[in-house]
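Examination of the molecular architecture
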Amino acid sequence: MFVLELTYTAPLDAVDAVLRAHVAWLDAQYAQGVFLASGPKSPRDGGVILAVAGDRARIEEITAGDPFVTAGVCEYRITEFTATKTAPDLERYRQTPS
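Considerations on the environment of Thr-63
Counting through the fold element by element, Thr-63 comes out in helix 2 (residues 56-64). Since its relative accessible area comes to 6%, Thr-63 is described here as buried. Spatially, the C-alpha atom of Thr-63 lies 9.2 Å from that of Glu-75, the residues being twelve residues apart in sequence. For Thr-63, the residues in contact, after removing those within four places along its chain, are Leu-4, Trp-25, Val-69, Tyr-76 and Ile-78.

What follows is the structure, given as structure tokens:
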């Protein structure tokens, strides 16, 4: 499982100019079962996404396609972790440490 932390690298008006495309991209990732939760940070200087994928390379490929990235308005920090405990609704994503 991955925690994706977005940090804006441009003023909010530049971020907002790409927001519609970013939301469409998010919707596509949800439809593919990659994203589990997402939203803006408070204060609004970026966002956070909880994601699942086969490996880090796949997550890096996905985040590189974010319109925020291609427009140069954000950077990603990717943290991989082993979800050994989850809420019941996320039970299918539980992992055993290797």
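Some thoughts on the sheet that holds strand 3 (residues 46-51)
Within the open sheet, the four strands sit side by side as 2-3-1-4. Their pairing is antiparallel. Only two strands of the sheet have a single partner each, and these edge strands are strand 2 (35-40) and strand 4 (74-80). Within the sheet, the average angular offset between the axes of one strand and its neighbour, ignoring direction, is 15°. Taken together, the six bridges between strand 1 (residues 2-8) and strand 3 define a ladder with antiparallel strand orientation. Looking at strand 3, one finds that Glu-5 is bridged to Val-48. Strands in contact with helix 1 (residues 12-31) are strand 1, strand 2, strand 3 and strand 4; relative to strand 2, the strand with the most contacts, it is inclined by about 165°.

Brief notes about the side chain of Gln-29
With respect to the element layout, Gln-29 can be found in helix 1. Residue Gln-29 is classed as buried on the basis of its relative accessible area of 8%. If we skip the residues at most four places from it in the chain, Gln-29 touches Val-34, Phe-35 and Ile-62.

Here's the deal with the packing of aromatic side chains
This model, assessed by the stated rule, comprises three aromatic pairs. Pairing Tyr-8 with Phe-68 gives two aromatic rings, centres 5.9 Å apart and planes at 85°, and the pair type is edge-to-face. Note that Tyr-8 is positioned in strand 1 and Phe-68 in helix 3 (residues 67-70), a separation of 60 residues in sequence. By the burial criterion, Tyr-8 is buried, and Phe-68 matches it. Aromatic side chains Tyr-30 and Phe-35 sit 6.0 Å apart centroid to centroid with 85° between the ring planes, which places their arrangement in the edge-to-face category. Residue Tyr-30 is classed as partly exposed on the basis of its relative accessible area of 32%. Of the residues examined, Phe-35 reaches a relative accessible area of 4% and is grouped as buried. Ring pairing ties together the aromatic residues Trp-25, Tyr-30 and Phe-35, which thus form one cluster.

The rules behind these values
- Residues numbered from 1 in each chain as written.
- Predicted model: local features only at pLDDT ≥ 70, side-chain atom pairs only at ≥ 80, totals over all residues.
- Heavy atoms only, no water.
- Helix = DSSP H or I, 4+ residues; strand = E, 2+ residues; numbered from the N terminus.
- Buried < 20%, exposed > 50% of the residue type's maximum accessible area, 1.4 Å probe, protein only.
- Contact = heavy atoms within 4.5 Å.
- Pairing = 2+ DSSP bridges.
- Axes fitted to C-alpha atoms, helices over the stretch in contact; angles between N-to-C directions.
- Phe/Tyr/Trp six-rings, centres within 6.5 Å; stacked < 30°, edge-to-face > 60°.

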